[in-house]
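Single-letter residue listing:
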Amino acid sequence: QVQLVESGGGSAKTGGSLRLSCAASGPIVTIGNMGWHRQTPGNQREWVAIMGSNGHATLADSTQGRFTISRDIAQNTVYLQIVNLKPEDTAVYYCSADVVSSVTRQMATVWGQGTQVTVSS
């Protein structure tokens, strides 16, 4: 089955930066949108950024110009760069991908397991 594996999370100081990665693997035919979401305890998962296979990116207003999404199509990988980190960026970050697998031949959204980002002053 198709899997997404995130990496790059961890602890950082206010004003610092982090780069999250998410690699898709498995019986992939094609991937449409890939995106990032985040969730804090007691709250719903929030959409952060999305990038289509054509490279078009859309970011949520909450990213305040500090987040950049990029993608390596050949490596089935999506990245999220966060600069000028703030404590309110603390969350579990999840990646998602709209994938057509060779098993189902249908597009389905696959989620990663999440990576914790903790920002402290």
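Anything mentioned here points back to the structure above.
Attention in this report is confined to the structure presented alongside it. (Residues numbered from 1 in each chain as written. Predicted model: local features only at pLDDT ≥ 70, side-chain atom pairs only at ≥ 80, totals over all residues. Heavy atoms only, no water.)

### Quick look at the overall build of the chain
When helices and strands are tallied, the chain shows zero helices and 11 strands. Secondary structure elements of the chain, listed N to C terminal, follow the sequence β-β-β-β-β-β-β-β-β-β-β. For the chain, the C-alpha radius of gyration of 14 Å lies close to 14 Å, the compact-globule estimate for 121 residues. Taken along the three principal axes of its C-alpha coordinates, the chain extends 45 × 25 × 20 Å. Taken over 121 residues, the chain has a buried fraction of 40%. Within the chain, counting contacts between residues at least 6 apart in sequence, those at least 24 apart form 55% of the total. Summed over its atoms, the accessible surface of the chain is roughly 6,300 Å², and 48% of this surface lies on carbon and sulfur atoms. The positive charge centre, built from 8 side chains, and the negative charge centre, built from 7, are 4 Å apart in the chain. (Helix = DSSP H or I, 4+ residues; strand = E, 2+ residues; numbered from the N terminus. Rg over C-alpha atoms; globule rule 2.2 N^0.38 Å. Buried < 20%, exposed > 50% of the residue type's maximum accessible area, 1.4 Å probe, protein only. Contact = heavy atoms within 4.5 Å. Areas by Shrake-Rupley, 256 points an atom, 1.4 Å probe, with all protein chains shown as cover. Lys, Arg positive; Asp, Glu negative; His and termini not counted. Charge placed at Lys NZ, Arg CZ, Asp CG, Glu CD.)

### Looking at the nonpolar core
Leu 4, Trp 36, Ile 69, Val 78, Leu 80 and Tyr 93 are the most contacted members of the largest nonpolar core, which totals 27 residues. For this core, the element with the highest residue contribution is strand β9 (residues 91–101), accounting for five residues. (Core = buried A, V, L, I, M, F, W, Y, C linked by side-chain atoms within 4.5 Å.)

### Side note on the packing of aromatic side chains
Enumeration according to the criterion identifies zero aromatic pairs in this entry. Positioned above the aromatic ring of Tyr 79 is the side chain of Arg 19, whose terminal nitrogen or guanidinium carbon lies 3.9 Å from the ring centre. (Phe/Tyr/Trp six-rings, centres within 6.5 Å; stacked < 30°, edge-to-face > 60°. Lys NZ or Arg CZ within 6 Å of the ring centre and 35° of its normal.)

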